[in-house]
Amino acid sequence: MKLYYADHFVLPLPEGHRFPMEKYSRLRARLHESGLFADDDFRVPHAASDAEILRAHDAGYLQRVAGGTLDAAEVRRIGFPWTAAMVERSRRSAGATLAACRSALNREGGAACAANLAGGTHHAHRDFGSGFCVFNDAAIAALAMRAEGRAGRIAIVDCDVHQGDGTAAILADTPEVFTCSLHGAKNFPFRKQTSDLDVELPDDTGDAAYLAALDAALDTVFTRARPELVIYLAGADPYAGDRLGRLALSIEGLQARDERVLGACRAAGVPVAVAMAGGYAQPIEDTVTVHFNTICTAARTMREA
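Conventions used here
As a convention, each chain's residues are numbered from 1 in the sequence order in which they are written. Totals for whole chains, interfaces and linings use all residues, but because this is a predicted model, local features are given only for residues with pLDDT of at least 70 and pairs of side-chain atoms are given and counted only at 80 or more. For side-chain calculations, the full set of non-hydrogen atoms in the structure is used, while hydrogens and water are omitted. In this description a helix means any DSSP run of H or I spanning at least four residues, a strand means any run of E spanning at least two, and both kinds are numbered starting from the N terminus. Exposure is judged per residue with a 1.4 Å probe applied to protein chains only, and the accessible area is read against the type maximum: over 50% gives exposed, under 20% gives buried, and values in between give partly exposed. Contacts are residue-level and defined by heavy atoms, with any inter-residue pair within 4.5 Å sufficient. Simply put, an axis is a line fit to the C-alpha atoms, just over the touching stretch for a helix, and the angle between two N-to-C directions goes from 0 to 180 degrees. Roughly parallel covers angles under 35 degrees, roughly antiparallel covers those over 145, roughly perpendicular covers 65 to 115, and oblique covers all other angles. By convention, the crossing between two helices is left-handed when the near helix turns anticlockwise from the far helix through less than a right angle, and right-handed when the turn is clockwise. Between 30 and 60 degrees the pair is tilted, below 30 it is stacked and above 60 it is edge-to-face, where a pair is any two Phe, Tyr or Trp rings, Trp via its six-membered ring, whose centres lie within 6.5 Å. Lysine and arginine charges are scored as sitting over a ring when NZ or CZ, respectively, is within 6 Å of the ring centre and within 35 degrees of the ring normal. The salt bridge definition used is simple: a Lys or Arg side-chain nitrogen within 4 Å of an Asp or Glu carboxyl oxygen. When DSSP finds at least two bridges between two strands, those strands are taken to pair. What is meant by a nonpolar core is a set of buried Ala, Val, Leu, Ile, Met, Phe, Trp, Tyr and Cys residues, joined one to another through side-chain atoms within 4.5 Å. We call a crossover right-handed when, viewed with the strands running away from us, the connection from the first strand over the helix to the second turns clockwise.

Novice: So what about the environment of Thr-69? Which residues, and what values?
Specialist: Examined against the element boundaries, Thr-69 turns out to sit in the loop between α3 (59–67) and α4 (72–78). Since its relative accessible area comes to 52%, Thr-69 is described here as exposed. Through-space distance from the C-alpha of Thr-69 to that of Trp-82 is 9.0 Å; in sequence the pair is 13 residues apart. The residues touching Thr-69, leaving out its near neighbours within four places in the chain, are Gln-63 and Arg-64.

Listed below in structure tokens is the structure:
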């Protein structure tokens, strides 16, 4: 199982910024120390090219991001200060999901898995960034896999606590890519978009109710979409201890979520690319634990395939 990382492409943030950038390097270090993965399993992705990004994003928006000409309102909406390093990091993060999709699809004969140890930037829309998201890696990757002839039907299963609004909007006119989002009904973004399947959950939803809703959603995804590839956004922020979450899943419940999604992919023989998406717990190590469990569950589940 190949793991693509870009945490050494540092996005500099001011002191006290609430985005937990450190979680990515901590996650990679913990996976290294686990002994479950060989050194060769950790890969640095190529940066997403203009051509790859432009399948999902407006040319003017890409030009403003790349050239540093975003206006103040656009920068505030993204939530990161503009730097050339921000642009490179965002390209690499999208490139990691592209690489994970290609790696998962390259295995002959059944389900396979690869992961982006970041990504899940689902609030980026075609012509603007939002919510710490510059380029929408899942949309970029889905459209690339179709353009490259690697997969015709794709499902994006988004289990971040926040709706994948940018993903839904970008792919609204692409029926071959099925967008599914399980998210908090009252959480950001407050103006929701329309996914192919939206499952809105009330505040304080716990393990049992969440997993029941997920089971029903997965049944719909595999029945309606019949995907040849799944892109799974495994957000850590449905966790009860997440500062921005508002749901109440335990760490064990989140691991059961991963087992459900990845087990469904294995049972259907569908390759899956995993991205980490959000996570804002204090202490940060709780977020790292959720992400670590996701990767280990993916490796274990696909070895059993």
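Novice: Quick one: what's the story with the packing of helix α8 (residues 207–225) against helix α9 (residues 251–268), residue by residue and with numbers?
Specialist: Between α8 and α9, whose axes approach to 10 Å, the crossing angle comes to 15 degrees. Considered as vectors, α8 and α9 are oriented roughly parallel to each other. In the crossing of α8 with α9, the sense of the turn from one axis to the other is right-handed. Of the residues in α9, those in contact with Asp-207, Tyr-210, Leu-211, Leu-214, Asp-215, Leu-218 and Phe-222 of α8 are Gly-253, Ala-256, Arg-257, Arg-260, Val-261, Ala-264, Cys-265 and Ala-268.

Novice: Which residues make up the packing of aromatic side chains, and what values go with them?
Specialist: With the rule as written, the count across this model stands at 8 aromatic pairs. Ring plane angle 90 degrees and centroid distance 6.2 Å describe the contact between Phe-188 and Phe-190, whose orientation is recorded as edge-to-face. On the basis of relative accessible area, Phe-190 is assigned to the exposed category, the value being 66%. The side chain of Arg-77 reaches across the aromatic face of Phe-128, ending 3.8 Å from its centre.

Novice: Tell me about the pattern of salt bridges, and name the residues and values.
Specialist: One pass over the structure, following the stated rule, counts 19 salt bridges. For Arg-26, the salt bridge goes to Glu-22, with nearest N and O atoms at 2.7 Å. Here the residue Arg-26 and the residue Glu-22 both occupy positions in helix α1 (residues 22–34), the gap between them amounting to 4 residues, near one helical turn. What you see here is one network of salt bridges that share partners, running through Lys-2, Asp-40, Asp-41 and Arg-43.

Novice: Give me the sheet that holds strand β4 (residues 154–158): which residues, what numbers.
Specialist: A sheet is described by the order of its strands in space; here 8 strands give the open sequence β2-β1-β3-β8-β7-β4-β5-β6, paired in parallel fashion. The open sheet has two edge strands, β2 (42–43) and β6 (197–201), and neither has a second partner. Examined bridge by bridge, strand β1 (residues 3–4) and β2 share 2 bridges and lie parallel to one another. Paired with Leu-3 across the strands is Phe-42, a residue of β2.

Novice: Can you explain the nonpolar core? Please cite residues and give values.
Specialist: Among the nonpolar cores identified, the biggest contains 55 residues, and Leu-31, Tyr-210, Val-230, Tyr-232, Val-272 and Val-274 are the most heavily contacted of them. The leading source of residues in this core is α8, at 9 residues. In this structure, Leu-62, Met-86, Ala-99 and Ile-170 belong to the second largest nonpolar core, which totals 48 residues.

Novice: Can you tell me about the pairing of strand β7 (residues 229–233), naming the residues and giving the values?
Specialist: Counting buried residues along β7, 5 of its 5 residues qualify, which places the element largely inside the surrounding structure. Residues of β7 alternate between two faces, with Leu-229, Ile-231 and Leu-233 on one and Val-230 and Tyr-232 on the opposite face, all of them buried. Bridge analysis of β4 against β7 gives 5 bridges, and the strand direction is parallel. Bridging from a neighbouring strand, Asp-158 pairs with Leu-233 of β7. In the sheet, β7 pairs with strand β8 (residues 272–275) via 4 bridges, with the strands oriented parallel. What sits directly across from Leu-233, in β8, is Ala-275. Read from β7 through α9 to β8, the crossover connection turns out right-handed.

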